[in-house]
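# Architecture and fold: a report
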Amino acid sequence: MVLKVFFPSCCSSADSGILIGRWISEQSSAVILAVVHFPFIPVQVKQYLGEVQRVTKVSVSVLGSWSNSKQEKEESLSEFLEDLGTIFCHEPWIQISKEGDSKFWSCSTLQKHSKNPQEEEIILVYYDQRKVMLSHLHPPLDTAGQRAEDASKLSAIFDTVARSQVLFMTDRYDEGPIKLTHWQSDGVEASIIVELLKQASVPACMLLTFLLSLVSGICRSRVLKFWPLSFLWSKLSTCEQLGHRLQHLQVISSNKKAQNQNQLMRKANIFVSLLIDVALGILLMSWLYRKNRIGHLADTLIPVADHVAEELQDLLQWLMGAPAGLKMNRALDQVLGRFFLYHIHLWISYIHLLSPFIEMILWYVGLSACLGLTVALCVLSDIIALLTFHIYCFYVYGARLYCLKIYGLSSLWRLFRGKKWNVLRQRVDSCSYDLDQLFIGTLLFTILLFLLPTTALYYLVFTLLRLLVVIVQGLIHLLVDLIDSLPLYSLTLRLCRSYRLAAGVKFRVLEQQDGKPLRLLMQINPLSYGSVVQTYRLPTYSCYPRDSWASLCKKLFLGELIYPWKHKGDKQN
């Protein structure tokens, strides 16, 4: 039988005493947590361990004795440590002794109450108690078979050390009757700044919770549910992003304690994401308001809009002629060209009407950067949507006209085959038509078929322009999603303290000596960066379409509308 003893490396220089830990009978393993060194009273040790078990719910007990002889081994001390096994009564009683500065220890077991004592092979595993205490073990994704069993055994050891945190709150400066040696025995790790922040965070969170509840109450009021405000709230990505950030602030300021490590990491990731987002937004705002960059941007905006309008006019003039040598229907071509030219004229008039107020509008819009870089990017996306509204109108007109002709041709094609679309049953049924219906259907089919190339050309050109705008907005929203969902705190933790995110362990064989137990060093394997992102990635609030290529091509062919963003409840035509 193989007995595994997990011994904390911080206790290797502890004075002689008794070993406190947990015995895991299913694995034949002993997890040593601390060393109680002399002098001590056995009754007080039992009372202390009873209090620790009541608080931590871990079956902590005295597992054996520890002897650290600075000089020659003392016979009286070894006999006394052996006799302690009759007081604390643990089977098996583990005896570990270290002589001088030797790194090869003697380890044996006693089974006084066993009728058939068996000789056991002992494996001594050294582990860093601080790293195991502060780490969080992540089980493998493919939890099946032998890997799942190994992960459960390993998690029992990590869970034992993590839940025994109360045991590590006693250091050598305490004046209690029991002196312990563990990873914090030289002094409990603490920070005055952290403690002050904890005390100050309570009233700050209460104030923030009150303000957020007030804001969320206003947002849920019936005033915002009326048609104009509800329409703007659902279509403007800035309002959507503000709503998401409001939910994040509610999660951070919640007075509910995190139930597990994942909830704690989620709160930390949201807090760091908000902090970096606001810091980048303030940097952007400080850059915009230096050297009158807002004025230069406003002066550049009008000429750029005029240039875009002129390019569209040249494009329409090219379509109204013989584009690429194609023979178009002249009457329909002239009607469509003049119709779109008139819209461009209206657009230029609209831009010049707003030109005296653009600098003031940009000045106030720039202040939104103090709410975060993501809010500023969403404002930029909305500004692009407003400035390209005429392109969107052209696309809608062309798509509707093209869609009408496609569906008309498909319906008339079914008429030739003696079929019709059954609206109630949602299927194609057979139908008999008379001569007049067939004549009118043939006439309409011929007209629509010969007018289709002209309409399809306008639809193709404006669809390409619309896709260009959608791609720009999609890149902006992709950057917003990246800032919103990237677990920055977890990645920083992986970079600076990789042991905090443990994927597993590896055992390194140390130098051996004949007649001594096998010595292993347990080292923590950190999670990979990809696994960190996959595990702790925050929920995404995507505003750009995620249609597949087949679905997108189908929509383009049928003339269905492509929106720059798609919210819950929206229906695409």
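What you see is a predicted model; the values in this text were computed from it and never measured. (Residues numbered from 1 in each chain as written. Predicted model: local features only at pLDDT ≥ 70, side-chain atom pairs only at ≥ 80, totals over all residues. Heavy atoms only, no water.)

## Structural notes on a nonpolar patch on the surface
Convention followed: Residues enter patches when their relative accessible area tops 30% and they take part in no salt bridge; the joining distance is 9 Å for like charges and 5 Å for the nonpolar side chains Val, Leu, Ile, Met, Phe, Trp and Tyr. Per-residue and other accessible areas follow the Shrake-Rupley method at a 1.4 Å probe size, with only the shown protein chains counted as cover for residues. Salt-bridge detection follows one rule: a side-chain nitrogen of Lys or Arg within 4 Å of a carboxyl oxygen of Asp or Glu. Secondary structure follows DSSP: runs of H or I at least 4 residues long count as helices, runs of E at least 2 residues long count as strands, and numbering of each begins at the N terminus. Exposure is judged per residue with a 1.4 Å probe applied to protein chains only, and the accessible area is read against the type maximum: over 50% gives exposed, under 20% gives buried, and values in between give partly exposed.
A surface patch of nonpolar side chains, amounting to about 610 Å² of accessible area, comprises Phe357, Met360, Ile361, Trp363, Tyr364 and Leu367. The topology assignment puts Tyr364 in helix α11 (residues 358-366). The exposed category is assigned to Tyr364, whose relative accessible area is 53%.

## Section: the environment of Lys98
Which entries qualify depends on this criterion: Only heavy atoms matter for contacts: two residues are in contact if any of them lie within 4.5 Å across the pair. Pairs of N or O atoms within 3.5 Å make up the polar contacts considered here, provided that, within protein, one atom can donate a hydrogen while the other can accept it, and that residues adjacent in sequence are counted only when both atoms are side-chain atoms.
As for its position among the elements, Lys98 is in strand β5 (residues 93-99). It is 9.3 Å that separates the C-alpha atoms of Lys98 and Ser16, two residues lying 82 residues apart in sequence. The residues contacting Lys98, other than those within four sequence positions of it, are Ser12, Trp66, Ser67, Asn68, Ser69 and Trp105. A polar side-chain atom of Lys98 sits 3.1 Å from the main-chain carbonyl oxygen of Ser12.

## Things to note about the UniProt feature "transmembrane region" (unreviewed entry) in the chain
Under the convention used in this document: UniProt positions are given in the numbering used here, feature names are shortened, and annotations may be inferred rather than shown by experiment.
If you check UniProt for "transmembrane region" (unreviewed entry), the listed places come out as residues 200-219, 270-289, 335-354, 361-388, 394-416, 437-461 and 467-491 in our numbering. As annotated, residues 270-289 has a helix share of 95% and a strand share of 0%, and its two end C-alpha atoms lie 28 Å apart. Between the end C-alpha atoms of residues 361-388 the distance is 17 Å, and the span holds 75% helix and 0% strand.

## A short note on the side chain of Ser368
Mapped onto the secondary structure, Ser368 falls in the loop between α11 and α12 (373-387). A polar side-chain atom of Ser368 sits 2.6 Å from the main-chain carbonyl oxygen of Val365.

## What to know about the nonpolar core
Filter applied, for reference: Buried Ala, Val, Leu, Ile, Met, Phe, Trp, Tyr and Cys residues that are joined via side-chain atoms within 4.5 Å together make up what is termed a nonpolar core.
Membership of the largest hydrophobic core comes to 41 residues, with the highest contact counts inside it found for Val45 and Leu167. The element contributing the most residues to this core is helix α4 (residues 146-163), with 5 residues. Not counting chain neighbours up to four residues away, the residues in contact with Val45 comprise Ile18, Val36, Phe40, Val62, Phe88 and Ile178. In terms of nonpolar packing, the next biggest core, distinct from the first, is built from 19 residues, Cys11, Leu19, Val35 and Trp66 among them.

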